[in-house]
Amino acid sequence: EPEVTQTPSHQVTQMGQEVILRCVPISNHLYFYWYRQILGQKVEFLVSFYNNEISEKSEIFDDQFSVERPDGSNFTLKIRSTKLEDSAMYFCASQQAINSPLHFGNGTRLTVT
Amino acid sequence: AQSVAQPEDQVNVAEGNPLTVKCTYSVSGNPYLFWYVQYPNRGLQFLLKYITGDNLVKGSYGFEAEFNKSQTSFHLKKPSALVSDSALYFCAAYGGYNKLIFGAGTRLAVHP
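Below or above, wherever it landed, is the structure these notes cover. From a predicted model like this one, the values you see are computed outputs, not experimental measurements.

1. Remarks on the overall build of chain B
Turning to step 1, where the next piece is worked out: Helix and strand counts for chain B come out as 0 helices and 12 strands.
Turning to step 2, where the next piece is worked out: Starting at the N terminus, the α and β elements of chain B follow one another as β-β-β-β-β-β-β-β-β-β-β-β.
Turning to step 3, where the next piece is worked out: Since a compact globule built from 112 residues should have a radius of gyration of about 13 Å, the 13 Å found for chain B is in line with a globular shape.
Turning to step 4, where the next piece is worked out: In terms of its C-alpha atoms, chain B occupies a principal-axis envelope of roughly 40 × 30 × 20 Å.
Turning to step 5, where the next piece is worked out: When the 112 residues of chain B are sorted by exposure, 46% land in the buried category.
Turning to step 6, where the next piece is worked out: Taken as two groups, the 9 positive and 7 negative side-chain charges of chain B have centres that lie 7 Å from each other.

2. Observations regarding the pattern of salt bridges
Residue and element names in this part refer to chain B.
Turning to step 1, where the next piece is worked out: Overall, the coordinates contain 4 salt bridges over all chains when judged by the stated rule.
Turning to step 2, where the next piece is worked out: Where Lys58 meets Glu64, a salt bridge forms, and the shortest distance between an N and an O atom there is 2.9 Å.
Turning to step 3, where the next piece is worked out: Judged by its relative accessible area of 17%, Glu64 falls in the buried class.
Turning to step 4, where the next piece is worked out: As a salt-bridge pair, Glu66 and Lys77 come within 3.3 Å of each other at their nearest N and O atoms. Of this pair, Glu66 sits in strand 8 (residues 64-68) while Lys77 sits in strand 9 (residues 73-78), and the two are 11 residues apart along the sequence.
Turning to step 5, where the next piece is worked out: Judged by its relative accessible area of 27%, Lys77 falls in the partly exposed class.

3. Focus on the pairing of strand 3 (residues 19-24) of chain A
Taken residue by residue, a regular strand's side chains alternate between the two faces of the sheet.
All names here are of chain A.
Turning to step 1, where the next piece is worked out: Here strand 3 shows a buried face lined by Val19, Leu21 and Cys23 and an unburied face lined by Ile20, Arg22 and Val24.
Turning to step 2, where the next piece is worked out: Here 5 bridges tie strand 3 to strand 8 (residues 75-79), and the two strands are oriented antiparallel to one another. Among the inter-strand pairings, Cys23 is bridged to a residue of strand 8, identified as Phe75.

4. Notes on the sheet that holds strand 3 of chain A
Residues and elements named next belong to chain A.
Turning to step 1, where the next piece is worked out: With antiparallel pairing, 4 strands are arranged side by side in an open sheet as 1-3-8-7. Since the sheet does not close on itself, it has two edges, and those belong to strand 1 (5-7) and strand 7 (65-68), each with one partner. In this sheet, neighbouring strand axes are inclined to one another by 20 degrees on average, regardless of whether the strands run parallel or antiparallel.

5. Regarding the environment of Gln6(A)
Residue and element names in this part refer to chain A.
Turning to step 1, where the next piece is worked out: Summarising the element assignment, Gln6 is placed in strand 1.
Turning to step 2, where the next piece is worked out: For the pair Gln6 and Thr76, spaced 70 residues apart in the sequence, the C-alpha separation amounts to 9.5 Å.
Turning to step 3, where the next piece is worked out: The residues touching Gln6, leaving out its near neighbours within four places in the chain, are Arg22, Cys23, Trp34, Tyr90, Phe91, Cys92, Gly105, Asn106, Gly107 and Thr108.
Turning to step 4, where the next piece is worked out: Within the structure, Gln6 has its side chain in polar contact with the backbone oxygen of Tyr90 (distance 2.9 Å).
Turning to step 5, where the next piece is worked out: In this structure the side chain of Gln6 is engaged in a polar contact, spanning 3.0 Å, whose partner is the backbone nitrogen of Cys92.

6. Topic: the interface of chain B and chain A
Turning to step 1, where the next piece is worked out: Between chain B and chain A, the contact holds 23 residues from the first and 24 residues from the second.
Turning to step 2, where the next piece is worked out: Between chain B and chain A the total buried area reaches about 2,000 Å² when both faces are included, carbon and sulfur atoms providing 52% of it.
Turning to step 3, where the next piece is worked out: Interface area lost by chain B to chain A is led by Tyr97(B), Asn98(B) and Phe102(B), which between them contribute 29%.
Turning to step 4, where the next piece is worked out: Taken together, the links from chain B to chain A amount to 0 salt bridges.
Turning to step 5, where the next piece is worked out: The tally of links from chain B across to chain A stands at 6 residue pairs in polar contact (both at pLDDT 80 or more).
Turning to step 6, where the next piece is worked out: Elements represented by at least two residues in the side of chain B that touches chain A include exactly strand 5 (33-38), strand 6 (44-50), strand 10 (87-94) and strand 11 (100-102) of chain B.
Turning to step 7, where the next piece is worked out: Here the residues of the side of chain B that touches chain A sort into 13 nonpolar, 6 polar and 4 charged.

Conventions and cut-offs
Residues numbered from 1 in each chain as written. Chains lettered and ligands numbered in written order. Predicted model: local features only at pLDDT ≥ 70, side-chain atom pairs only at ≥ 80, totals over all residues. Heavy atoms only, no water. Helix = DSSP H or I, 4+ residues; strand = E, 2+ residues; numbered from the N terminus. Rg over C-alpha atoms; globule rule 2.2 N^0.38 Å. Buried < 20%, exposed > 50% of the residue type's maximum accessible area, 1.4 Å probe, protein only. Lys, Arg positive; Asp, Glu negative; His and termini not counted. Charge placed at Lys NZ, Arg CZ, Asp CG, Glu CD. Salt bridge = Lys/Arg side-chain N within 4 Å of Asp/Glu carboxyl O. Pairing = 2+ DSSP bridges. Axes fitted to C-alpha atoms, helices over the stretch in contact; angles between N-to-C directions. Contact = heavy atoms within 4.5 Å. Polar contact = N/O pair within 3.5 Å; in protein donor to acceptor, adjacent residues only side chain to side chain. Buried area = accessible area lost by both parts, 1.4 Å probe. Nonpolar A, V, L, I, M, F, W, Y, C, P; charged D, E, K, R; others polar.

Scope: geometric values only; no functional claims are made or implied.
This is the structure:
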C-alpha cells in the first residue's frame with residue numbers, strides 16, 4: 001500500500017537555525033497537510049496545501065513557517081528561525097480528495113536546543 | 001468555533017470486554033467524522049469515517065463507531081478488546097474547507 005514518507009525521522013537543531021522537514025506524499029493525492037504534536041498530546045493543524053497554494057493555515061503557522069512543493073513530488077515545511085517551543089513531532093499528510101481520509105507519515109521529531 | 005472533544009484522557013478495559021471511546025463534536029454544516037489510531041513513535045492510522053448513510057460505521061480491526069446527530073457524538077466501539085488495541089485514539093472532524101481538527105486523544109489500555 002502506498003505510504004507517505006518523511007525525512008529525517010529526527011532532527012536536532014539550535015535555536016535560531018533554519019530547518020526543512022521533507023515529505024513525499026502518496027503520488028496521486030492532491031491535498032497536503034502539516035500537523036504537529038507536542039509530547040504525544042493533541043494533534044494540531046498547521047497548514048493545508050492544494051493546487052500549489054495554501055488553502056488554510058492556523059495561528060501557529062506564522063511568518064516563520066513556509067511550505068513548498070517544489071518538484072511535484074516533495075512537500076516541505078520550512079521553519080526559518082526555530083524556537084524552543086517549536087520542538088514537537090511534525091506529521092505530513094496527504095489526501096486524494098476532499099473529505100477522504102488523510103494518510104499520515106511517521107513524522108519527524110524536531111528537537112530545538 | 002469548530003471543535004472535537006474527547007472527555008476521557010484514558011480508558012482501561014480488560015481483554016475480551018467491550019470498549020467505548022467517547023467523542024463529541026461541534027462543527028457547522030454536515031459533520032464529516034473520523035477516528036484515527038496512533039501507536040508509539042508512529043503516525044496516525046485511519047480507522048473509519050462517517051460521511052453520510054448508516055449511523056453505525058464499521059472500520060478496520062473490528063472497530064465501529066456510532067454517529068448520533070442529536071447528541072453530536074461519534075463514539076468508537078469494539079465488542080471484544082485485545083491487548084494489541086492499546087494505543088492512542090483520536091477523533092477528528094472537518095472544521096473548515098480543508099482543515100481536519102482533532103480531539104485531544106484518549107489513551108486506551110487493554111489489560112490481559
